[in-house]
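Reading the structure
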Amino acid sequence: MPVIEAIDLAKSYNGQMAVAGASFEVREGEIFGFLGPNGAGKTTTINILCTLLNFDSGTALVNGYDCRREPHKVRASIGLVFQEVTLDNDLTAYENLKFHCFMYNMDGRLAERRIDEILEVVGLGGRRGELVRHFSGGMKRRLEIARGLLHRPKVLFLDEPTLGLDPQTRKGVWGFIEETKKASGATIFMTTHYMDEAEVCDRIAIIDNGRIIACATPSELKGELKGDTVIIRTLDDATAASEIKARFNLSPAKTDAGLVLNVEAGEKFIPRLFDGLATGILSVNIKRPSLEDVFIHLTGREIRDERPQPRMNHRG
């Protein structure tokens, strides 16, 4: 039995679909990634699964509990780390965790033991008495993840867990997440628009415009793109795209890097490309498909394309 199951999940805001019939399942003990641009429906879905948001139709189950009919049982089964920092800067690391234990009505002695254990796990044992306002962004993220694991949840939800962090700190946080998953055994459901984060997931669901358009392991997704990815920069990419369509019956995606094509044999295709284009070619690169190439192939655009997303008041 999957630990998370969504069936035909739908949610709209003012007549606009944010989640449009999404169906997927998450297996126990895996890191499951929700990959998509801002506005694709990632946060809306996570809010539904965490019982923070009602949905229009469909079914959502977490740890076997119905999100609509059994919200209290769902909440007792999960931990949640929001996009925004939700720690109290005027409390110490210890006090932030102690308050969380109080909210979950944990036994006092058990709470103290788990706080000691989790602070050591996240490398903050020596900083337990310091005010959180003096912590770096990476330290705050580690403390929030530790807080989400204090009550030993079945599922830990991470909504863009490294958003706004520098690359080195992001790498450190992800190393910690992987180690935490091994140590705790918790299932981790995370949203991201970073391709390198998606690579560490056991499986990924790609969501775009509220719809799940693919769901598989990173290797399986990349394996669906047979051949090579060719990236072309020309004097006039719009004209070149039209020429490529007419000459080779291929529709290149237009990105900041240039025109992106997926072809069976890149080395053989490139000489034909030079012969077939009247528009001047500035550069040509060839590489094996990446997750970003998969996303471009499925959606026709880069993942950085963003649309406004409805905001939720997580503290309300």
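See the structure above.
Reading the values: rules and limits
- Residues numbered from 1 in each chain as written.
- Predicted model: local features only at pLDDT ≥ 70, side-chain atom pairs only at ≥ 80, totals over all residues.
- Heavy atoms only, no water.
- Pairing = 2+ DSSP bridges.
- Helix = DSSP H or I, 4+ residues; strand = E, 2+ residues; numbered from the N terminus.
- Axes fitted to C-alpha atoms, helices over the stretch in contact; angles between N-to-C directions.
- Phe/Tyr/Trp six-rings, centres within 6.5 Å; stacked < 30°, edge-to-face > 60°.
- Buried < 20%, exposed > 50% of the residue type's maximum accessible area, 1.4 Å probe, protein only.
- Lys NZ or Arg CZ within 6 Å of the ring centre and 35° of its normal.

Spatial ordering of the open sheet is given by E6-E7-E8-E3-E9-E10, a layout of six strands whose pairing is mixed. The open sheet is flanked by strand E6 (78–81) and strand E10 (211–216), the only strands paired with a single partner. With direction set aside, neighbouring strand axes in the sheet form an average angle of 15 degrees. Across four bridges, E6 lies against strand E7 (residues 155–159) in parallel orientation. If you follow Ile78 over to E7, its bridge partner there is Val155.

In this sheet, strand E4 (residues 57–62) lies alongside strand E1 (residues 4–13) in antiparallel orientation, the contact comprising five bridges. Residue Ile7 lies in a different strand from E4, and its bridge partner there is Thr59. As paired strands, E4 and strand E5 (residues 65–66) are joined by two bridges and run antiparallel to one another. Paired with Leu61 across the bridge in E5 is Asp66. Linking E4 back to E5 in an antiparallel pair, the connection comprises two residues, with Asn63 at a positive phi of about 55 degrees.

The subject of this paragraph is the packing of aromatic side chains. Throughout the structure, instances matching the rule amount to eight aromatic pairs. Here Phe157 and Phe189 contribute two aromatic rings whose centre-to-centre distance is 5.4 Å and whose plane-to-plane angle is 50 degrees, an arrangement assigned as tilted. Residue Phe157 is located in strand E7, and its partner Phe189 is located in strand E8 (residues 187–192); the two are separated by 32 residues in the primary sequence. Of the residues examined, Phe189 reaches a relative accessible area of 0% and is grouped as buried. Above the ring of Tyr13, the side-chain terminus of Lys11 is found at 5.4 Å from the ring centroid. Its guanidinium or amino end placed over the ring of Phe55, Arg68 lies 4.0 Å from that ring's centre, counting from NZ or CZ.

Moving on: unusual backbone geometry. Positive phi is not limited to glycine here, since Arg152 has a value of about 55 degrees. Inspection of the secondary structure assignment puts Arg152 in the loop between helix H5 (137–149) and E7. Under the relative-accessibility criterion, Arg152 is labelled exposed at 52%. Of note, Asn209 is a non-glycine position whose phi angle comes to about 55 degrees, a positive value. Looking at the secondary structure, you find Asn209 in the loop between strand E9 (203–208) and E10.

Purely spatial values, then, with no claim about function.
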